[in-house]
Amino acid sequence: MRVVILVIVFFITACTAKAPSLSLYERLGGEEGVDDIVYQLIVNISRDERVVDRFKGVDIEKFRTGLVHYICSVSNGGCIYTGDSMQVVHAGHNYTDTEFNAIVENLIHAMDHQRVPTAVQNKLLAQLAKDYGDVVYQ
Amino acid sequence: MKKYLLVMICLLGAGFVSAAENRSRIIATGAATTIDGSAGGGIVPMAALSGYGAREESGGVAFASYVHVPDYTMSAVGGSWSWRNRVEFSLADQRLEHPTLSAALGVPLQDIRQSVAGVKVRLLGDILYSKWPQLSAGVMYKHNHDFTIPGAAGAKRDSDSEAYLAASKVFLGGAMGYNLLVNGVARYTRANQIGLVGFGGDKNDSRRWYAEASAGIFYNKHLLFGAEFKQKPDNLSFAGEDDWQTLFAAWFPNKKLALVAAYVDLGEVATLPNQDGWYLSVQGSF
């Protein structure tokens, strides 16, 4: 049992020692990196029958720039997101848990495609996961 | 053993042709399957429901697991089906072989079979997305088919039900950027060795609350390393019963398949001490 606890403690403390010098935005590859991730996300969505119909009639260019700005703002990229809140953007659409998961999966695949390291992916997902309650069943 | 291998091969095959890739929850959030049939690790369940169905979808899993310690082997096969990430129905069939114990007791009996039926309900939360852990409650009904040895050992009954509450959360990037899984369970039971040695005993015959926990770190979205701890009753004066622990590696190559390997420490089991060994499990999702 002691060994088990030691192993867990080791893994947890080993991590806190590292001082991150770069912002999440920079680790995502900065402006170019985030642009590429969002572009690939849109490509993935366009091929995903679970969600592609939800984007019919959506101004994709507006969606793209809005999302790029939003990711920049939640990843300490120095942007101030001036678009509508996540709640307002999604209100009235009754987006489902299935659709939310589908978008997250497409985002993960987009980050994999751009070779974003696991730890960086996780940090961005942690930021975006907070929006679940504002997006789903609204 | 041969039958068991066959089941494993079938599961691997089923995994490759299954539709789990079309279910929407994120890879590994369906967890593996415990020897009792509920979604979780190897010996400790989780609040996660099996399969990859999101709240508009349903799906399930089939599994086969094998435990090998010095004086016992156990195989478990079964499956579960989860409706809309709300309710999980599970079945498991366990077979414990106890050659050393048979020889010591001078009995021809070689194994003990147990069937387990379970229902688990996700009460609230989402293991990935909600601020608070996903919380689920479950009940299990267990029936021991070979009660001769458990009865002689002092167990009071061959069938019983038990209940548990599980809280699970994945902290995204929670451990140096890696995803951290934390899981706690409170189980209300009087099972001896999870029911393989019956239920209740001369020292204690009432259900009590026992703590179980597991934790792990995802090296990436496919690979989880972790540990489990399971506090257990000690109802029989015939033999001491120890808590169980595992150290495991779980591999989720895709949403169809999961493989788990573990080192297990079962302590003293029915008078035979130092039962530590290994565990293998394969799960196919559909």
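Notes on the structure follow. (Residues numbered from 1 in each chain as written. Chains lettered and ligands numbered in written order. Predicted model: local features only at pLDDT ≥ 70, side-chain atom pairs only at ≥ 80, totals over all residues. Heavy atoms only, no water.)

1. Side note on the sheet that holds strand S3 (residues 58–69) of chain B
If you trace the 12 strands once around the closed barrel, you get S3-S4-S5-S6-S7-S8-S9-S10-S11-S12-S13-S14 (chain B), paired in antiparallel fashion. Within this sheet the neighbouring strands show an average axis-to-axis angle of 20 degrees, counted without direction. Running over the sheet, helix H7 (residues 118–129) of chain A touches strand S8 (159–175), strand S9 (178–189) and strand S10 (208–220) of chain B and is turned about 110 degrees from S8(B). (Pairing = 2+ DSSP bridges. Helix = DSSP H or I, 4+ residues; strand = E, 2+ residues; numbered from the N terminus. Axes fitted to C-alpha atoms, helices over the stretch in contact; angles between N-to-C directions. Contact = heavy atoms within 4.5 Å.)

2. Here we look at the pattern of salt bridges
One pass over the structure, following the stated rule, counts 22 salt bridges over all chains. The structure contains a network of salt bridges with shared partners spanning B:Asp36, B:Lys142, B:Glu162, B:Arg187, B:Glu212 and B:Lys230. (Salt bridge = Lys/Arg side-chain N within 4 Å of Asp/Glu carboxyl O.)

3. Some details on the packing of helix H6 (residues 97–113) of chain A against H7(A)
All names here are of chain A. Across the interface, H6 lies against H7 with an axial gap of 11 Å and an inter-helix angle of 155 degrees. The pairing of H6 with H7 is recorded here as roughly antiparallel in orientation. By crossing handedness, the relation of H6 to H7 is classed as right-handed. Residues Phe 100, Val 104, Leu 107, Ile 108, Met 111 and Asp 112 of H6 touch H7, and the partners they reach there are Gln 121, Leu 124, Leu 125 and Leu 128. (Parallel < 35°, antiparallel > 145°, perpendicular 65-115°, else oblique. Left-handed = near helix turned anticlockwise from the far one by under 90°.)

4. So, the nonpolar core
Counting residues in hydrophobic clusters, the biggest one holds 87 residues, and the most contacted among them are A:Leu28, A:Met111, A:Leu124, B:Ile35, B:Tyr72 and B:Tyr129. The element contributing the most residues to this core is H6(A), with 7 residues. Ignoring any residue separated from it by four or fewer positions in sequence, one finds B:Tyr72 in contact with B:Val67, B:Leu96, B:Glu97, B:His98, B:Leu101, B:Val269, B:Ala270, B:Leu272 and B:Gln275. (Core = buried A, V, L, I, M, F, W, Y, C linked by side-chain atoms within 4.5 Å. Buried < 20%, exposed > 50% of the residue type's maximum accessible area, 1.4 Å probe, protein only.)

5. Section: H6(A)
Residue and element names in this part refer to chain A. Counted at 1.5 Å a residue, the expected span for H6 with its 17 residues is 24 Å, and the 24 Å between its end C-alpha atoms agrees. Extensive coverage of H6 is indicated by the burial of 13 of its 17 residues. Two residues or fewer past H6, Arg 115 is found with a positive phi of approximately 60 degrees. (Expected span 1.5 Å × (residues − 1).)

6. Looking at the state of the cysteines
As used in these notes, a disulfide is a covalent bond between sulfur atoms, one from each of two cysteines. All names here are of chain A. Inspection of the entire model under this criterion finds 1 disulfide over all chains. One disulfide in the model links Cys 72 with Cys 79; its S-S distance is 1.8 Å. Across the disulfide from Cys 72 to Cys 79, rotation about the S-S bond amounts to roughly 80 degrees, and the bridge is consequently right-handed. Accessibility expressed as a relative area gives 1% for Cys 72, which makes it buried. (Disulfide = S-S within 2.5 Å.)

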